[in-house]
Amino acid sequence: MDGSGSEALLVALGAIPGAWVRLLLVNHLQPMLPRKHWGTFVVNVTACFFLGLVFAQVERCGPITGLALLIGVGFLGSFSTFSTFVMEVLNELKASKYLPALVLMFASLLTGLVAAAVGYGLGSHV
Amino acid sequence: MSDHRFALKFEFQELLLVAIGAVPGALLRWQVALHFVDQNILANTLGAGLLGLLAGLPVAPRWQLLFGIGFCGSLTTFSSWTLDSVRLLCVGDIKSAAGLIGLTLGLGLGAAALGLQLGRKIRRLALPRSGL
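Not measured: the values here are computed from a predicted model.

Procedures and definitions
- Sequence order as written defines the numbering, with residues in each chain counted from 1.
- All chains are assigned letters beginning at A, and all ligands numbers beginning at 1, according to the order in which they are written.
- For a predicted model such as this one, the threshold for reporting local features is a pLDDT of at least 70, and the threshold for listing and counting side-chain atom pairs is 80 or more; totals across whole chains, interfaces and linings nevertheless cover every residue.
- Numbering of helices and strands starts at the N terminus; helices are DSSP runs of H or I of at least 4 residues and strands are runs of E of at least 2.
- Residue burial is a threshold on neighbouring C-beta atoms within 10 Å of the residue's own C-beta, all placed from the backbone, with 20 or more meaning buried, 12 or fewer meaning exposed, and counts in between meaning partly exposed.
- Contacts here follow a simple rule: the backbone-placed C-beta atoms of the two residues must lie within 7 Å.
- Any residue outside Ala, Val, Leu, Ile, Met, Phe, Trp, Tyr, Cys, Pro, Asp, Glu, Lys and Arg is labelled polar, Gly included; the first ten of those are nonpolar and the last four are charged.
- An expected span of 1.5 Å times one less than the residue number is assigned to each helix.
- Axes, fitted as lines to C-alpha atoms, cover a helix only where it is in contact. Angles between the N-to-C directions of the axes lie from 0 to 180 degrees.
- Comment on the angle field: the value is read as roughly parallel under 35 degrees, roughly antiparallel over 145, roughly perpendicular from 65 to 115, and oblique elsewhere.
- The crossing is said to be left-handed when, going from far helix to near helix, the turn is anticlockwise and less than a right angle, and right-handed when the turn is clockwise.
- Among buried residues, those of type Ala, Val, Leu, Ile, Met, Phe, Trp, Tyr and Cys that are joined through C-beta atoms within 7 Å form a set called a nonpolar core.

### So, the overall build of chain A
Each helix and strand counted, chain A has 5 helices and 0 strands in total. Mapped from its N terminus to its C terminus, chain A presents α and β elements in the order α-α-α-α-α. Projected onto its principal axes, the C-alpha positions of chain A cover 45 × 30 × 25 Å. Within chain A, the fraction of its 126 residues that count as buried is 49%. Pairs at least 24 apart in sequence give 73% of the contacts found in chain A among residues at least 6 apart.

### Considering the interface of chain B and chain A
The partner chain A presents 40 residues to the 38 residues of chain B that form the contact. Of all the elements in the fold, those that place two or more residues in the side of chain B that touches chain A are α1 (2-35), α2 (41-56), α3 (61-75), α4 (79-90) and α5 (94-126) of chain B. The element that contributes the greatest number of residues to the side of chain B that touches chain A is α1 of chain B, accounting for 12 residues. Of the residues that constitute the side of chain B that touches chain A, the class distribution is 22 nonpolar, 15 polar and 1 charged.

### Considerations on helix α1 (residues 5-29) of chain A
In this model α1 of chain A runs 36 Å from its N-terminal to its C-terminal C-alpha over 25 residues, within 8% of the 36 Å that 1.5 Å per residue would give. Every buried residue of α1 of chain A is accounted for by L10, V11, A12, G14, A15, I16, G18, A19, R22, L23 and V26 of chain A.

### Section: the packing of helix α2 (residues 37-61) of chain A against helix α5 (residues 98-125) of chain A
Residues and elements named next belong to chain A. Their axes nearest at 7 Å, the elements α2 and α5 cross at an angle of 25 degrees. With respect to each other, α2 and α5 are oriented roughly parallel. Of the two elements, α2 crosses α5, and the hand of that crossing is right-handed. Here the contact of α2 with α5 is composed, by residue class, of 17 nonpolar, 10 polar and 1 charged.

### Looking at the nonpolar core
V11, C48, L51, V86 and A116 of chain A together with A112 of chain B are the most contacted members of the largest nonpolar core, which has 67 residues in total. Tallying contributions element by element places α2 of chain A first for this core, with 11 residues. Contacts of A112 of chain B, omitting those with residues within four sequence positions, involve V86, M87 and L90 of chain A together with A48, G49, L51 and G52 of chain B.

### A closer look at unusual backbone geometry
Although it is not a glycine, S96 of chain A sits at a positive phi angle of roughly 60 degrees. When you line up the elements, S96 of chain A lands in the loop between α4 (83-94) and α5.

### Section: α3 of chain B
When you tally the buried positions in α3 of chain B, you get 11 out of 15 residues, the bulk of the element. Within α3 of chain B, the full set of buried residues consists of L65, L66, F67, G68, I69, G70, F71, C72, G73, S74 and L75 of chain B.

### So, the environment of H28 of chain A
Tracing the backbone through its elements, the reader meets H28 of chain A in helix α1. Considered as a pair, H28 of chain A and G39 of chain A are 11 residues apart in the sequence and their alpha carbons are 8.6 Å apart.

### Details of the packing of α4 of chain A against α2 of chain B
Two numbers describe how α4 of chain A lies on α2 of chain B: the axes approach to 8 Å, and their chain directions differ by 55 degrees. Taken together, the axes of α4 of chain A and α2 of chain B are oblique relative to one another. Read as a crossing pair, α4 of chain A and α2 of chain B show a hand that is right-handed. Contacts between α4 of chain A and α2 of chain B pair S83, T84, V86 and M87 of chain A from the former with G47, A48, L51, G52 and A55 of chain B from the latter.

Here you go:
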């Protein structure tokens, strides 16, 4: 294993609340949204924005490796999820709901890209 | 009162299972990213395949919490994928950005579909008389 034990500890310490907040937020949003997968969408887009922000800080202030590991790799990496997103797209495809599948896929991707860019821009210039 | 305490205990157990899955998931993602310059494609494909497999198997909710929401959810990441793509777009490398986006999506969907097929096959073999 590369990286020190304390680095691994930071990743793990970030990962636990990241997964918890994802679970609680998706469950909390579920009754308010037409489909459960929009909860995953909200989680992922939020994570993109904050990761952009964190990355801009790391670039600007030099390697704040501790913060990057705890919040970037640990918390936000664990908070956002690719596997659930892919399964939700696949479930729509399998149910022959091609348009909703494409809408979910492109909406997640485009909004995620914009959110990451906005976070990154905000972190770099403000 | 006792009902309330039961609910809290149940929730604590849920959170514990998610945490037990999330730690190895995040550590594996971090290590994979350190060893392979693949921008999380490997971890994301692996996690998508595993979540597909879980969806195909008759898995109890508590294992779904541990392996699905905890391990796979934490192993895979959406935010690093989009940030890496944004960084490629920022330097004008549109070809690489499109490649990263397309490859991650294609491999993820393929792995999830394959995992689901495999999981269903295992379920049929394990439970031949269930009619599933």
